[in-house]
Amino acid sequence: MDLPPTDFTPYLSLLGGALIGLSAVLVMALFGRIAGISGITSGAVSGEPAERRWRVAFLLGLVVAPLLVWAMAGDAPSQTVPGSLTAMIAAGLLVGLGTGLGSGCTSGHGVCGLARLSPRSGAAVGTFMATAILTVFVLRHVL
Amino acid sequence: MATSLRPLAGFVAGLLFGFGLVISGMADPAKVLSFLDVAGTWDPSLAFVMAGASVTAFAGYRLVWRRERPILMARFDLPSARRIDASLLGGAALFGMGWGIGGFCPGPAWSALALGAPGTLAFVPAMLAGLWIARYARRI
């Protein structure tokens, strides 16, 4: 997987992170729920209609956001997605299965869980960070 | 309870989250994989994303929890599970492997969808299938 190296962007990343945190606070203030994207995705297709609608709308906001950034900035947000479709299908299956079984992803366990000081989320974050770093190490430096 | 406001409020919160993903660089798998590549061309930016997001949420949650209930719902509904079990750790381990292969976790995958890269269009349906399999696996 030969993807280009990327530039270190501490200020933009901190700012973007703060916006993500603000969105999580907004979801808590409005809906009293965790802003975990894997959970919101699951909840958007199951459960009662009242619980479904705001989740579908949230996902729609996620989809539309880069288009608005594109319209405002004039350039498409820079993005390089791995090209192997087989690898991306395997990755998608693992991410869906893993976040489903593990009850959360980078947002639910990472952002929201750590903000709640949840030991369960701490354990999940430590585990997925470790296997993610190990996977990249094997794919880029061993194979 | 302002039921009709819920979809609009959800959309605005999703937009804000999506702006954060794009501005921070988290929506770019190349940047995520550079962050995870600690032995190669390491880009530590995503540590700043996590720090900015969790510190903001930590402070904001504590302000919000002073309220008796959320604005658009009858009550707060927070995860109640406490046990660190095989499902949590095994699931997190699988998720990390998928994240390391594709550079996408669920939020960035959604926010990359409209940019239409073939890899994204392969990833998102597979992720939905994986979530669906997990629902059935957890009932067994």
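Residues numbered from 1 in each chain as written. Chains lettered and ligands numbered in written order. Predicted model: local features only at pLDDT ≥ 70, side-chain atom pairs only at ≥ 80, totals over all residues. Heavy atoms only, no water.

**So, the overall build of chain A**
For chain A, the helix and strand inventory stands at six helices and zero strands. The helix and strand sequence of chain A, counted from the amino end, reads α-α-α-α-α-α. The principal-axis extents of the C-alpha atoms in chain A amount to approximately 45 × 40 × 30 Å. Scored against the burial criterion, the 143 residues of chain A give a buried share of 56%. The long-range share in chain A, meaning contacts at least 24 apart out of those at least 6 apart in sequence, stands at 36%. Of the roughly 5,900 Å² of accessible surface on chain A, a fraction of 70% belongs to carbon and sulfur atoms. (Helix = DSSP H or I, 4+ residues; strand = E, 2+ residues; numbered from the N terminus. Buried < 20%, exposed > 50% of the residue type's maximum accessible area, 1.4 Å probe, protein only. Contact = heavy atoms within 4.5 Å. Areas by Shrake-Rupley, 256 points an atom, 1.4 Å probe, with all protein chains shown as cover.)

**A short note on the side chain of Ser 13 of chain A**
Looking at the secondary structure, you find Ser 13 of chain A in helix α1 (residues 10-31). Overall, Ser 13 of chain A belongs to the buried group, its relative accessible area being 0%. Beyond its immediate chain neighbours, meaning those up to four positions away, Ser 13 of chain A contacts Ser 24, Lys 31, Ser 45, Phe 48 and Val 49 of chain B.

**Details of the packing of aromatic side chains**
Counted by the stated rule, this structure contains nine aromatic pairs over all chains. Centroid distance Phe 128 of chain A to Trp 99 of chain B: 5.9 Å. Interplanar angle 85°. Geometry classified as edge-to-face. With one member in each of two chains, Phe 128 of chain A in helix α6 (residues 119-142) and Trp 99 of chain B in helix α4 (residues 86-102) form a pair that bridges those chains. Where Tyr 61 of chain B meets Trp 65 of chain B, the ring centres are 5.2 Å apart and the plane angle is 35°; that geometry is what we call tilted. On the accessibility criterion, Trp 65 of chain B (28% relative accessible area) is partly exposed. (Phe/Tyr/Trp six-rings, centres within 6.5 Å; stacked < 30°, edge-to-face > 60°.)

**Things to note about the interface of chain A and chain B**
Taken together, the contacts link 107 residues of chain A with 105 residues of chain B. Overall, the association of chain A and chain B removes approximately 9,400 Å² of surface from exposure, summing both partners, and the carbon and sulfur fraction of that is 77%. Viewed at the interface, chain B and chain A are joined by three salt bridges. Linking chain A with chain B are 26 residue pairs in polar contact (both at pLDDT 80 or more), by the criterion used here. When residues of the side of chain A that touches chain B are traced back to their parent elements, those giving at least two are α1, α2 (37-45), α3 (49-73), α4 (85-101), α5 (106-115) and α6 of chain A. Sorting elements by how many residues they give to the side of chain A that touches chain B places α1 of chain A first, with 21 residues. By residue class, the composition of the side of chain A that touches chain B is 69 nonpolar, 31 polar and seven charged. (Buried area = accessible area lost by both parts, 1.4 Å probe. Salt bridge = Lys/Arg side-chain N within 4 Å of Asp/Glu carboxyl O. Polar contact = N/O pair within 3.5 Å; in protein donor to acceptor, adjacent residues only side chain to side chain. Nonpolar A, V, L, I, M, F, W, Y, C, P; charged D, E, K, R; others polar.)

**Looking at the packing of α5 of chain A against α6 of chain A**
Residue and element names in this part refer to chain A. Between α5 and α6, the shortest axis-to-axis distance is 9 Å and the interhelical angle comes to 130°. The angle between α5 and α6 places the two elements in the oblique class. Crossing geometry of α5 relative to α6 is assigned as left-handed. Where α5 approaches α6, its residues Thr 106, Gly 108, His 109, Gly 110, Gly 113 and Leu 114 are matched on the opposing element by Ser 121, Gly 122, Ala 124, Val 125 and Phe 128. For the contact of α5 with α6, a count of residues per class yields four nonpolar, seven polar and no charged. (Axes fitted to C-alpha atoms, helices over the stretch in contact; angles between N-to-C directions. Parallel < 35°, antiparallel > 145°, perpendicular 65-115°, else oblique. Left-handed = near helix turned anticlockwise from the far one by under 90°.)

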